[in-house]
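Spelled out, the chains give:
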Amino acid sequence: MADTNAECNIKVLCRFRPLNESEIVRGDKFIPIFQGEDTVIFGGKAYVFDQVFPTNTTQEQVYNTCAKQIVKDVLGGYNGTIFAYGQTSSGKTHTMEGNLHDPQAMGIMPRIAQDIFEHIFAMDENLEFHIKVSYFEIYMEKIRDLLDVTKNNLSVHEDKYRVPYVKGCSERFVTSPEEVMDVIDEGKANRHVAVTNMNEHSSRSHSIFLINIKQENVETEQKLSGKLYLVDLAGSEKVSKTGAEGAVLDEAKNINKSLSALGNVISALAEGTKSHVPYRDSKMTRILQDSLGGNCRTTMFICCSPSSYNDVETKSTLMFGQRAKTIRNTVTVNLELTAEQWKKKYEKEKEKNRSMKETIQRLEAELNCWRNGNAWLPHVECNYVLAGIPSTPCTPCSPCSIASSIVVHISHEERQKYEEEIRKLYKQMDDKDDEINHQSQMVEKLKEQMLDQEELLASSRGDSERVQSELCRLQTENESSKAEVKEVLQALEELAVNYDQKSLEVEEKSMQNKLLAEELAKKMVSQSFKKLVEVSGHQRKRIAEVLNGLTRDLREFSTIVGNREIKLITGAIEEEFTVARLYISKIKSEVKSMVKRCRYLENLQMDCQRKMEETSRELSSCQLVIAQHEAKIRSLTEYTQNVEMKKRQLEDGYDSLTEELAKLQAQGTAEETRSPTCISENKTALEEQMQSHREMHSKQLNHLRDEINEKQKIIDDLTDCNQKQRLELEQLHGDFERLRTQEHHKSRQLEELTTGGKLKSACMELNDTGGFLTQKQKISFLENNLEQLTKVHKQLVRDNADLRCELPKLEKRLRSTAERVKALEGALKEAKEGAMKDRQRYEQEVERIKDVMRTRNPFRRPHAAQIGNIIILARYGLGITSPVSFKVI
Ligand code: ADP
Ligand code: MG
């Protein structure tokens, strides 16, 4: 270090900002009165500073009058600091930074950045510069690196010259003003990122921009270094004014603590009692230790508001500035000596040391004289020298006065020992500082961890509550599903028993159905019946398939039920059971309805058969009647033939009689000629005879004609009736033929047998009765029979139509049943998949909770048990009661 020491006061500059809009609107008074360049009268009191800047002072003027010189000093190897002190919104940031990228409105920082490089470019070519910058802020007694946000609690250390510095703070080498500006921009951006309310944050934090310039003369190897601190302090207003409460109040107190520490340091320095300056009270005073009462050219800007509203704060600011103005710093050029210079210095110091040693020897000798009670040796010229105290010529004095002036004599070794001890103590202090920092960081970390833990705890509590509620829900679900399962099992048992019965019944029925189907197949010739059979066969097949499937399922179930080893592997099975139960009950009802339908169909079939038999019987009787009628018709035709014969005979008789009459007439004429009287008598007798004959003949003829007419009428009626009957018979015959083809051989044999028997009896009856009345009776009987037959036929046709109508319905029902079965299968599948997914989800959830608990409480084992319980319960809630799953847990 150079030995060119110089004392200088802290330069205090006062800057007033203009009234702002709100102050103007409020009608605040403009208080300050500016007198000359260095005085301001505020509230009737004059305050004198190095310079007072009125409101209209430009940024450039401010820079030129104060800061420019500091750049030169820093480049000359001195340390420099520029503070901005004042209440919030008094213009600190405006002064220090201003509008960073506006050439007019830019503050001190950007101007310094430019100026440094301008100076460097104008300096000696042999000089080599290394410029590095750092940017950090102090908030709540924590140093936060603005160029690396991860460093949020840096500590303060002392270098080998016992100058404090921020350890571990990011340093950026810069080679141009633009790079400096980039660093400032980056720092400001980081500052904005970390906080929510920037205005509030900036008014409560101290931001420090450090420019470190090292230069080396490549020719002489002489090294110079200078540090420049640019400090934008937190607002100096009192806490009460901000109306802060709670955490904000604590924060404000903390900030004011560091500011009050600054005040205390300045007061201590101003009073001149340099024995103890409380630099270590705050990190800020510690960092700026060298700037306040140390090796530093310091400039302090006192930023003030001109408003009457802020008069108290302004006054306190002005007072602070006044105090600070008295502080004197001893500045030294930070010069690193070359080997040659060190050598010279060493020689000089050696010489000094030698003379000092001589003086000490003399003084020791004198002291011994005094101690031994010997008289003072006047020829001895002494210099009382203490380390670091300039030697003064010693004047003759009394022993006590000498004793009082020589406080302690310390030998070289002792001094070295003390210095070593002091060094050790300082080292210890630094270590303690480090430890404190470390501890405070640890505390912070622990606090953060605590907060994290609390958050985690809250979230895990929420989780556990959720899990608990889920668990409760699952338990209730489990209970209900257990009950359901029980019911299902009971139902299954019943169903299994029923099923066996039903299956037997179904088998029987199917056998019967098969037989019936075979019979029907034989009977059914009509296409519609065939179709019906085909469709019903198809349906039966499908029913059989469904039943087989159900049988399989039921067998599985029955085996499960039979074995009594129901292992509810997943919660889904319970659901499956319920679904299966539903399906089974549905299928049961379906089977029941199918059985009913089968029965109904069977009954219908039986009815049909019966009706067919009846119809066939009636048909045979009809055939008999028809045969009788035919026989009657035949007898009647014979009768008419006989009557015709009789008629012809009578006509022949009439002809012979007419011939006889003609003969007789001819005889009469011959005899008339012989005896006219006799002849006339004979003639009258004959005529009478003829007349009687004619009358008899005519009577007979009339009777015969009447009889013929009657018979004709009967014949006509009978032929009509016959025709009708023939037609009906033909119809019946057709129907009968159709029905007969449907009948089995047995019925045909039966029919033949019955018709045989009936024919015989009918023939017998016909032979016995004969006659007209019996014919009439037969006709009426036949008519009745025909009517009945037509009725039966119609009924059959209707039944057939009904069956045809029923058929699509049945088909539909079967189809819908099949679809339902399919849908149920699909639903079952979906339910299974859903259950699987649910299970997976639950397991994942449980794993997640487990992991969370594990990560939160890595050392707390009891939680593991809790997790286990939760998992067990969760699994139990899912219906996993298998011991295997518990083992897994
Ligand atoms: P502080 O940093 O002390 O809280 P600011 O520097 O942010 O205050 O200033 C508050 C407001 O006042 C800003 O809008 C700024 O532009 C304005 N201001 C401060 N000083 C001046 C001045 N000398 N001339 C013009 N405006 C100023
Ligand atoms: Mg500010």
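Residues numbered from 1 in each chain as written. Chains lettered and ligands numbered in written order. Predicted model: local features only at pLDDT ≥ 70, side-chain atom pairs only at ≥ 80, totals over all residues. Heavy atoms only, no water.

### Description of unusual backbone geometry
For E141, which is not glycine, the phi torsion reads 60° and is therefore positive. For E141, the location among the structural elements is in the loop between β8 (127-139) and β9 (142-145). Positioned with a positive phi, E221 is a non-glycine residue whose angle comes to about 60°. Considering the arrangement of structural elements, one finds E221 in the loop between β13 (206-217) and β14 (223-232). Taking the relative accessible area as the measure of exposure, E221 reaches 53% and is therefore exposed. (Helix = DSSP H or I, 4+ residues; strand = E, 2+ residues; numbered from the N terminus. Buried < 20%, exposed > 50% of the residue type's maximum accessible area, 1.4 Å probe, protein only.)

### A closer look at the sheet that holds strand β5 (residues 45-48)
Here three strands make up an open sheet; going across it, the order is β3-β4-β5 and the pairing antiparallel. Two strands lie at the open edges of the sheet, namely β3 (33-35) and β5, each paired on one side alone. Neighbour to neighbour, the strand axes of the sheet diverge by 30° on average, direction disregarded. Bridging between β3 and strand β4 (residues 39-42) involves three bridges; their strand directions are antiparallel. Following the sheet pairing, I33 is matched in β4 by I41. Together, β4 and β5 form the strand contacts of helix α10 (residues 311-325), whose direction differs from that of β5 by roughly 40°. (Pairing = 2+ DSSP bridges. Axes fitted to C-alpha atoms, helices over the stretch in contact; angles between N-to-C directions. Contact = heavy atoms within 4.5 Å.)

### Brief notes about the site of ligand 1
In the region of ligand 1, the neighbouring residues are R15, R17, P18, Q87, T88, S89, S90, G91, K92, T93 and H94. Backbone polar atom of S89 to an oxygen atom of ligand 1: 2.6 Å apart, as the coordinates give it. Contacts to ligand 1 include T93, whose side-chain N or O atom sits 2.6 Å from an oxygen atom. Coverage of ligand 1 by the protein amounts to 64% of the 550 Å² it exposes when considered alone. (Near = heavy atom within 4 Å. Polar contact = N/O pair within 3.5 Å; in protein donor to acceptor, adjacent residues only side chain to side chain. Areas by Shrake-Rupley, 256 points an atom, 1.4 Å probe, with all protein chains shown as cover.)

### Quick word on the nonpolar core
Within the largest apolar cluster, 42 residues are counted, with the highest numbers of intra-cluster contacts made by L262, I287, L292, M300 and L318. Here the element with the most residues in this core is helix α8 (residues 246-271); it accounts for six residues. L75, I120, Y135 and L147 belong to the second-largest nonpolar core, a separate cluster that totals 39 residues. (Core = buried A, V, L, I, M, F, W, Y, C linked by side-chain atoms within 4.5 Å.)

### Some thoughts on the pairing of strand β2 (residues 11-16)
The buried fraction of β2 amounts to five of the six residues, a majority that puts the element mostly inside the structure. As defined by bridge partners, β2 adjoins strand β15 (residues 297-304) across six bridges and the pair is classed as parallel. In the strand pairing of β15, K11 is matched with T299. One ladder, built from three bridges, connects β2 with strand β6 (residues 51-53); its direction is parallel. For R15, the partnering residue across the bridge sits in β6 and is F53.

### Details of the packing of aromatic side chains
In the structure shown here, the tally under the stated rule is six aromatic pairs. Centroid distance Y85 to F320: 3.7 Å. Interplanar angle 5°. Geometry classified as stacked. Of the two residues, Y85 is situated in strand β7 (residues 80-86) and F320 in helix α10; the sequence distance between them amounts to 235 residues. Taken individually, Y85 and F320 each receive the classification buried, so the pair is uniform in this respect. The rings of F16, F34 and F42 are connected pair by pair, giving a single aromatic cluster. (Phe/Tyr/Trp six-rings, centres within 6.5 Å; stacked < 30°, edge-to-face > 60°.)

### Some thoughts on the environment of K45
Considering the arrangement of structural elements, one finds K45 in strand β5. Exposure remark for K45: the relative accessible area of 38% places this residue in the partly exposed category. Sequence separation between K45 and I33 is twelve residues; the distance between their C-alpha atoms is 9.9 Å. When sequence neighbours within four positions are dropped, the list of residues in contact with K45 reads V40 and M319.

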